[in-house]
Amino acid sequence: MIKKIILASLSTLALISCNSKENKEKYKHAVYRAVHKGDTAVLDIHINNKRFFGRYEVFYHKIGKDSGDVRGDMKGDTLRGDYHFISNGGSWKRIPLALLKKDNKLFLGKGVIGIYFNLPLFMPEVPIEYDKSEFVFEKVKE
């Protein structure tokens, strides 16, 4: 019962925060692209100094694509949020997303994923790895 109340409270809070009257015009628009072993990822985001949102697609060489939405918060030089997508035309999935902004590039982070209240997140006790990033995004359009 308590879990249901907490989950309902978190859902309500998420709806209120997503529908806040934050001025969307203050966001800068950018398109990033990354290539790794024949796979191509395109990140089309709107970003300000606190939040980001947009579209993210990964095209797998001769296999298909993952396509969906990203959203999250800026903390210093790191974008942390989630990626809600349809995997290769199948079912909807949600995974955590971490990007490190460095030298006008975005480095996709890897970490250990756990589940909390049925939502995936990076485990806080294990650092996110950015050094051997599969996708290093370079800006192609502003």
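The following paragraphs examine the structure supplied in this document. Every residue gets a number counted from 1 within its own chain, in the order that chain's sequence is written. Note on the predicted model: pLDDT of at least 70 is required for a residue's local features to be given, and 80 or more for side-chain atom pairs to be given and counted; whole-chain, interface and lining totals, by contrast, use all residues. The side-chain values count all of the structure's non-hydrogen atoms but skip hydrogen atoms and water molecules.

1. So, the side chain of Asn48
Thought 1: Following the sequence through the fold, Asn48 ends up in the loop between strand S2 (39-47) and strand S3 (51-60).
Thought 2: At 2.7 Å, the side chain of Asn48 forms a polar contact with the backbone nitrogen of Lys50.
Thought 3: Within the structure, the side chain of Asn48 is placed 2.7 Å from the backbone nitrogen of Arg51, a separation counted as a polar contact. Only runs of H or I of at least four residues qualify as helices and only runs of E of at least two qualify as strands under DSSP, and these elements are numbered from the N terminus. Polar contact is the term for a pair of N or O atoms within 3.5 Å; when the atoms are in protein, one must be able to donate a hydrogen and the other to accept it, and sequence-neighboring residues count only if both atoms are side-chain atoms.

2. A few points about the side chain of Ser67
Thought 1: Note on placement: Ser67 falls in strand S4 (residues 64-75).
Thought 2: For Ser67, a relative accessible area of 13% corresponds to the buried category.
Thought 3: Of the polar contacts made by the side chain of Ser67, one reaches the side chain of Arg55; its length is 2.9 Å.
Thought 4: Engagement of the side chain of Ser67 in a polar contact is seen with the side chain of Glu57, the distance being 2.9 Å.
Thought 5: In what follows, a contact means two residues having at least one pair of non-hydrogen atoms within 4.5 Å. Once you skip the residues sitting within four places of it in the chain, Ser67 turns out to touch Arg55, Tyr56, Glu57, Tyr83, Phe85 and Ile86. Each residue's exposure class comes from its accessible area (1.4 Å probe, protein chains only) as a fraction of the maximum for that residue type: buried when under 20%, exposed when over 50%, partly exposed otherwise.

3. Side note on the sheet that holds strand S6 (residues 92-102)
Strand pairing within a sheet occurs via backbone hydrogen bonds; the two strands may be parallel or antiparallel.
Thought 1: Here a strand pair is declared whenever DSSP counts at least two bridges between the two strands. The sheet built from eight strands closes into a barrel, its strands ordered S1-S2-S3-S4-S5-S6-S7-S10 with antiparallel pairing. Recorded for the sheet is a direction-independent mean angle of 30° between the axes of neighbouring strands.
Thought 2: With three bridges joining them, strand S7 (residues 105-108) and strand S10 (residues 136-141) adopt antiparallel strand pairing. Considered in S10, the bridge of Phe107 is made with Val136. Orientation is described by lines fitted to C-alpha atoms, with helices fitted over the stretch in contact, and by angles between N-to-C directions that extend from 0 to 180 degrees.

4. Some words on unusual backbone geometry
Thought 1: Phi angles above zero are rare outside glycine, and Lys62 is one such case at about 60°.
Thought 2: Within the secondary structure, Lys62 is located in the loop between S3 and S4.
Thought 3: We note that Phe117 has phi near 50°; this positive angle belongs to a residue other than glycine.

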